[in-house]
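A look at the structure
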Amino acid sequence: MFERLINHDSNFHDADLMVMPGTLEDKHKNCDSIPALRRQFNLIYLLLSGEHDVKLGADHLQLNPNDLVIVPENMLYASDHIKDCQGYCIHFKSEFLQPHLSRPLPEEFPFFHFDAPHIVNLNQSESDLVQIAFKNIIEENECSSPEKNFLLCHLILILLLRVREIYRKHVMELKQNLSRHEHLANQFKLLVEKHFIQSRTVNDYAEMLNISPRHLSEVVSQTFGRSPLQIIHDLLLLEAKVQLVSTDKSVSEIAYYLNFDDQPHFTHFIKKRTGYSPLALRRKG
């Protein structure tokens, strides 16, 4: 269903499929955007060229060549603009690998943690190594070997081990180079991703961080180019789109789930930011 709705792929896909590797050229050949959703599988992709933005949790970024993007299952994800992309990707369910792991997937591979950095820019030699791992998975997936699942599992583990090796170095450098203000802004962003449904005001987050609302606004605006309230509302809108497009809940049920006072308040919030009513947004997909 995901392939049909998002990538407009009319081919048959087994509903029990645990792994789906491919190229970005193939995955995005029929789509120029990805609606807001929470995937029931993990996604890793390497962008080599083309135009691709990403909304990942509270982040909204334009990707660069050799950006490696890691989207853990059930994380808010969307893209407004995709054009002429080249690269590699893989979707897989955690349970496909779990029998071969001694710990849960996020403990073995920290980049699957909810609050980990999920985008790293690779140098050319790192990109080449990751590309080889992707190509090996794609080639094996196209074979009909009786050992296919076993081989695929281990080839995906090789990809994840390669990513972990590269990721550790990048995250260490990132943490060392963060200023105090950037660290504070990132703390705010992670808190918003965890609490945006219950906590809607800048004051709420200033209290959590033990700083003044004014200082929080200055730090966040300087770091992300968006005010704290904009970030809260952007994430709330993204979740509202997920609920409208990916569920059968009524508008009033979604308004209640997202902690709005009532349905008219929720409708006003959606229409002010998109120009559409909730039902029109649902039909638009």
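This text goes with the structure placed above it.
Values in this document were obtained by computation on a predicted structure and should not be read as measured data.

1. So, the side chain of H118
Residue position: H118 is located in the loop between helix 4 (105-108) and strand 8 (119-121). Within polar-contact distance, the side chain of H118 engages the backbone oxygen of A116 at 3.0 Å. Contacts of H118, omitting those with residues within four sequence positions, involve L56, L68, V69, I70, P72, M75, F111 and H113.

2. As for the side chain of E140
In this structure, E140 sits in helix 5 (residues 124-141). Nearest to the buried, unbridged E140 among oppositely charged side chains is K148, at 7.1 Å. Residues within four places of E140 in sequence aside, it is in contact with S145, K148, L151, L152 and L155.

3. What to know about the pairing of strand 3 (residues 42-56)
Within strand 3, 11 of the 15 residues are buried, leaving the element largely enclosed by the surrounding structure. Alignment of strand 3 against strand 7 (residues 82-92), held across nine bridges, turns out to be antiparallel. In the strand pairing of strand 7, L43 is matched with H91. Pairing of strand 3 with strand 5 (residues 67-71), which is carried by five bridges, proceeds in the antiparallel orientation. Looking at strand 5, one finds that Y45 is bridged to V69. Summarising the sheet, strand 3 and strand 4 (residues 59-62) pair through four bridges and their orientation is antiparallel. Residue K55 lies in a different strand from strand 4, and its bridge partner there is H60.

Criteria and thresholds
- Residues numbered from 1 in each chain as written.
- Predicted model: local features only at pLDDT ≥ 70, side-chain atom pairs only at ≥ 80, totals over all residues.
- Heavy atoms only, no water.
- Helix = DSSP H or I, 4+ residues; strand = E, 2+ residues; numbered from the N terminus.
- Polar contact = N/O pair within 3.5 Å; in protein donor to acceptor, adjacent residues only side chain to side chain.
- Contact = heavy atoms within 4.5 Å.
- Buried < 20%, exposed > 50% of the residue type's maximum accessible area, 1.4 Å probe, protein only.
- Lys, Arg positive; Asp, Glu negative; His and termini not counted.
- Salt bridge = Lys/Arg side-chain N within 4 Å of Asp/Glu carboxyl O.
- Pairing = 2+ DSSP bridges.

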